Amino acid sequence: MFSLTVRRHFMIAHSLPREAFGPAQGLHGATFVAEVTFRRRELNDDAIVLDIGAAGGILEEILADLNYKNLDEHPAFQGKLSTTEALAQHIANAMAARIQDTADGPALTGIDVTLRENPDAWAGYSLELQGS
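Just so it is clear, the structure is predicted and the values come from calculations on it, not from any experiment.

S.K.: Lay out the packing of helix α1 (residues 52-64) against helix α2 (residues 84-99) with the relevant residues and their values.
M.R.: Relative orientation of the contacting elements α1 and α2 amounts to 130°, with a least axis distance of 10 Å. Judged by the angle between their axes, α1 and α2 are oblique. As α1 runs across α2, the sense of the crossing is right-handed. In this structure, α1 uses Ala55, Ile58, Leu59, Glu61, Ile62 and Leu63 to contact α2, whose residues at the interface are Ile91, Ala94, Met95, Arg98 and Ile99. Within the contact of α1 with α2, the residues separate by chemical class into 9 nonpolar, no polar and 2 charged.

Given below as structure tokens:
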């Protein structure tokens, strides 16, 4: 299995209004490093997983919709908790929808998103695709 990872950072605000989240129940900010890994069984004709520039550009577009936004007001999180895990799933699903339109998209077998909030804590989501 081959993989390619791109990463970017973004900042959000949100609240997690449940007792389990302690002080994070109130509105607070978070800065994340988003790492998105693309997997495929065989390299393409150019001996790559996919174009690194295109992958990074798509990630930037997806994160632009979240960057400096209050997720409590974001349409994608209405009625949902915007935990790190849920945010990773949102990014993976958005990436899958966008990357399938590229030449190498159909060959991908999976997308893994890891969100690092600090050096000691991170969460992720793995999305399996129908790739070759």
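S.K.: Which residues make up the pattern of salt bridges, and what are the values?
M.R.: Enumeration according to the criterion identifies 7 salt bridges in this entry. Ionic pairing is found between Glu35 and Arg7, a salt bridge with its closest N-O pair at 3.2 Å. Remark: Arg7 occurs in strand β1 (residues 2-14) and Glu35 occurs in strand β2 (residues 28-40); sequence separation between them is 28 residues. With its nearest N and O atoms 2.2 Å apart, the salt bridge here joins Arg98 to Glu61. Here Arg98 is found in helix α2, whereas its partner Glu61 is found in helix α1, with 37 residues between them in sequence. When its relative accessible area of 45% is taken as the criterion, Glu61 is described as partly exposed. Within the structure, one salt-bridge network assembled from shared partners comprises Arg7, Glu35 and Arg116.

S.K.: Describe the nonpolar core, with residues and values.
M.R.: Nonpolar side chains in soluble globular proteins tend to end up buried together. Phe10, Phe38 and Ile91 are the most contacted members of the largest nonpolar core, which has 32 residues in total. Top element by residues in this core is α2. It accounts for 7 residues. Beyond its immediate chain neighbours, meaning those up to four positions away, Phe10 contacts Ala30, Thr31, Phe32, Ala34, Leu63, Leu66, Asn67, Leu87, Ile91 and Leu115.

S.K.: Before we move on, can you summarise the sheet that holds strand β3 (residues 69-70) with the specific residues and values?
M.R.: If you walk across this open sheet you meet the 5 strands as β3-β1-β2-β4-β5, and the pairing is mixed. Each edge of the sheet is formed by a strand with only one pairing partner; in this case those strands are β3 and β5 (121-128). One ladder, built from 13 bridges, connects β1 with β2; its direction is antiparallel. Considered in β2, the bridge of Leu4 is made with Phe38. Sitting on the sheet, α1 is in contact with β1, β2 and β3, with an inclination near 20° to β1.

S.K.: Explain the packing of aromatic side chains to me, using residue names and the numbers behind them.
M.R.: A full pass over the atoms with the stated rule returns 1 aromatic pair. The ring of Trp122 is capped by Arg116, whose NZ or CZ atom sits 4.5 Å from the centre of that ring.

S.K.: I'd like to hear about α2, residue by residue, with values.
M.R.: Its 16 residues give α2 an end-to-end C-alpha distance of 22 Å, which sits within 8% of 22 Å, the value for a rise of 1.5 Å per residue. Those residues of α2 that fall on the buried side of the exposure criterion are Thr84, Leu87, Ala88, Ile91, Ala92, Met95, Ala96 and Ile99.

S.K.: Account for the pairing of strand β4 (residues 110-118), naming residues and giving values.
M.R.: Within a regular beta strand, the side chains point alternately toward one face of the sheet and then the other, so they alternate between its two faces. As paired strands, β2 and β4 are joined by 7 bridges and run antiparallel to one another. If you follow Phe38 over to β4, its bridge partner there is Ile111. In terms of strand pairing, β4 meets β5 through 8 bridges, oriented antiparallel. Bridging across to β5, Leu115 finds its partner in Ala123.

Criteria and thresholds
- Residues numbered from 1 in each chain as written.
- Predicted model: local features only at pLDDT ≥ 70, side-chain atom pairs only at ≥ 80, totals over all residues.
- Heavy atoms only, no water.
- Axes fitted to C-alpha atoms, helices over the stretch in contact; angles between N-to-C directions.
- Helix = DSSP H or I, 4+ residues; strand = E, 2+ residues; numbered from the N terminus.
- Parallel < 35°, antiparallel > 145°, perpendicular 65-115°, else oblique.
- Left-handed = near helix turned anticlockwise from the far one by under 90°.
- Contact = heavy atoms within 4.5 Å.
- Nonpolar A, V, L, I, M, F, W, Y, C, P; charged D, E, K, R; others polar.
- Salt bridge = Lys/Arg side-chain N within 4 Å of Asp/Glu carboxyl O.
- Buried < 20%, exposed > 50% of the residue type's maximum accessible area, 1.4 Å probe, protein only.
- Core = buried A, V, L, I, M, F, W, Y, C linked by side-chain atoms within 4.5 Å.
- Pairing = 2+ DSSP bridges.
- Phe/Tyr/Trp six-rings, centres within 6.5 Å; stacked < 30°, edge-to-face > 60°.
- Lys NZ or Arg CZ within 6 Å of the ring centre and 35° of its normal.
- Expected span 1.5 Å × (residues − 1).

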